[in-house]
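# Structure assessment
Spelled out, the chains give:
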Amino acid sequence: MTINFDNQRPIYIQLLEHFQAEIITGSWSPGQKITSVRELALTYEVNPNTVQRALSELERLNLAQSDRTRGRFVTEDLEVIKELRRDSARQMTEDYIRSAKSLQLDQDDALSLVKKYWDEEEGGNTL
Amino acid sequence: MSLIELKDLSKNYGHVRALDRLNLNLDGGRIVGLAGPNGSGKTTLLRILGAFDAAYSGEVRIDGHKPGLETRSIVSYLPDKTALSDWMTANQAIAIYKNFFADFDEGRAREMLDFFKLEGSQKLSQMSKGMREKVQIMLVMSRDAKIYLLDEPISGVDPASRKTILRGIISQASENSLVLLSTHLIQDIEPIVDEIVFLDYGRVVLHEQADKMRAERGQSLNEAFEEIFA
Amino acid sequence: MIGKLYRLEMKETWRVAKVIYPLMIFATAAAVLLSLLNNAALTGISVFVSILALVVGSIIVTVQTVTNDYHNFQGKRGYLYRAIPAKSSDFLLSRLGYYLTYFVVTLVIFALLLMTILNSIMDIGVFSVVGNFLSQVLFANSWGILFSVYVLISIVISIFTFIFAITVGSEAKLHRLGAGGPVLVYFIYYLVGQVLGLLSALFIPLGVRMTVDPFSSAILNFELVNEGMFRSLLDSMGPNPDPNTAVIGLGVIFSQLLLTIVIAILTYRSFDKKFSLRA
């Protein structure tokens, strides 16, 4: 799997966002061991230091913990993950509202559109 | 002390000034891109670092030493042309490297040979340009060197091979080693470098961390390159 | 390390030599077999062709020996050779061994095959003539042995001049001349060597006076003398020349020695400090 990076934004931030998405969607389950830096670097075809930086950032946000001997793990604290999901959902909602407003939609229009298309959207939605 | 320290490095070809009082320090544990227009001095700089050109002025220190006997055992060099004879097979080339470089890891070479889908018994003369490039990368990256100097490792090969070669470089460079790779194809190396050095007229015009540059300029390395050299 | 480097460098030229040497032997065998038919015209042609093959083959191997060494150390292959962490003296000594091997082997093969061809068309036994010359003339007295040793040393020195010319002629300041750089350096070395050799033979007071029998022109006597060639040369051009004695200046040995030391130092320094790969 590769990501199409936007080269205008720092790559470590884009990697961080991707890792967060993996945690929210459960692709990386709570307590799971995170693959080695080198392997992640190979998977995403990026510099190992960049991966390292994104993972450090993940730790700083309490989404991962590293153990000196055993490696790095996704947090088992479901609260933190829930929090992340809430933040993420809120941000997306805000994005949607901003777009809807720019199209001169009012709240009722926007909500009814969401209801109307909710079921037509097939498959899983990835963030 | 940095792994590579250059002070007022100059080099002339006749009346042409290839390097002009160039100053640069590079540390280990990085993948550094060396970019610049044709004739900006990329190959000249790499050749001096690789001890293939001793006719320069200024100071060059590689792990504290002048380029020469001491540095050759810690520097692995990929030239922009094939240094191997056409009649050789990849296996023969591996045997030569194993014979002459104490840090050569044959297991790693075999792994990379598989990874690149190359046949060890095939002669170089029967290989495509991309395959020959892969053989050279395989040899160079199978050394457990402190410094890898790669002159245009991905130019002249097809896009699919470029990806494979870059993956090969990422997978082999150890945590503490320095990879310095020159290229004019910045888009392709963009995600894998963590530092970029722009050369122009034999001088360093920009030396910055890639992500810092993206954050501050809101530009890709390629866009910055085009802006600087427009 | 010297042995490893020697084996590596031998390979490139061996690819040519392993074809050329058998071809030379084949040409010789063909000439010898055809001469058995006792057809004068056929023998003439086959001897001519086979000797030509010997000469051309030897030249090819010799030229390959020099150009391969040049490409190994100054051309594209230099990116492999000069990346090897070996001492400069190891590189230079292994190269000397490489040149010596191909030059001597080629010379010996050439001489033996040439003698074989000549032996097949001449009535006198060429091998016994040559053998007699070596055992009864050249190696019979100390002068002959000394002379042989001198020739051998000269071969080694002349090999070293190739390495010298390739190394110094490839310095950065001569890059524009391409392969002309080494050729130019060799030419300058040759001129300097000739002039210096002549001057020292004339003026350094060490020489050999030869006395020649005026009737049979056989050499009667060698004698070491404390003079160069200058006086003897003047005498021979003067009003009363003595055709029976002549002095050969040995000063040339000193100038050659001096020149060899100089180029050895220049080569060593250039190889390390002024090295600039051409590819």
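Here is a short report on the structure shown in this document. These numbers were taken from a predicted model, which means no experiment stands behind them.

### Focus: helix 9 (residues 221–228) of chain B
All names here are of chain B. Taken together, the buried positions of helix 9 are Leu221, Ala224 and Phe225. The buried side chains of helix 9 occupy one side of the element, clustering within an arc of 105 degrees when seen end-on. Across from the buried face of helix 9, at angles greater than 90 degrees, the exposed residues are Glu226 and Glu227. Those residues of helix 9 that are buried are in contact with strand 3 (31–35), helix 7 (186–189), strand 8 (195–200) and helix 8 (210–217).

### Quick notes on the interface of chain A and chain B
Contacts between the two partners involve 16 residues from chain A and, on the opposite side, 20 residues from chain B. Mapped by element, the contributors of at least two residues to the side of chain A that touches chain B are helix 1 (11–25), helix 2 (37–44) and helix 3 (48–60) of chain A. Considered class by class, the residues forming the side of chain A that touches chain B number 8 nonpolar, 5 polar and 3 charged.

### Section: the interface of chain B and chain C
Chain B puts 22 residues into the contact, and the matching count from chain C is 25 residues. At the level of secondary structure, the elements contributing two or more residues to the side of chain B that touches chain C comprise helix 2 (69–72) and helix 3 (90–100) of chain B. By residue number, the principal contributor to the side of chain B that touches chain C is helix 3 of chain B, which donates 3 residues. Tallied by class, the residues present in the side of chain B that touches chain C amount to 12 nonpolar, 6 polar and 4 charged.

### Section: the pairing of strand 1 (residues 64–67) of chain A
Residues and elements named next belong to chain A. In the sheet, strand 1 pairs with strand 2 (residues 71–74) via 4 bridges, with the strands oriented antiparallel. Each residue of the ladder has a partner; that of alanine 64, found in strand 2, is valine 74. If you look at the hairpin formed by strand 1 and strand 2, you'll find 3 residues sitting between the two strands.

What counts and how
Residues numbered from 1 in each chain as written. Chains lettered and ligands numbered in written order. Predicted model: local features only at pLDDT ≥ 70, side-chain atom pairs only at ≥ 80, totals over all residues. Buried ≥ 20, exposed ≤ 12 C-beta atoms within 10 Å, placed from the backbone. Helix = DSSP H or I, 4+ residues; strand = E, 2+ residues; numbered from the N terminus. Arc of directions from axis to C-beta. Contact = placed C-beta atoms within 7 Å. Nonpolar A, V, L, I, M, F, W, Y, C, P; charged D, E, K, R; others polar. Pairing = 2+ DSSP bridges.

What is shown is where atoms sit, not what they do.
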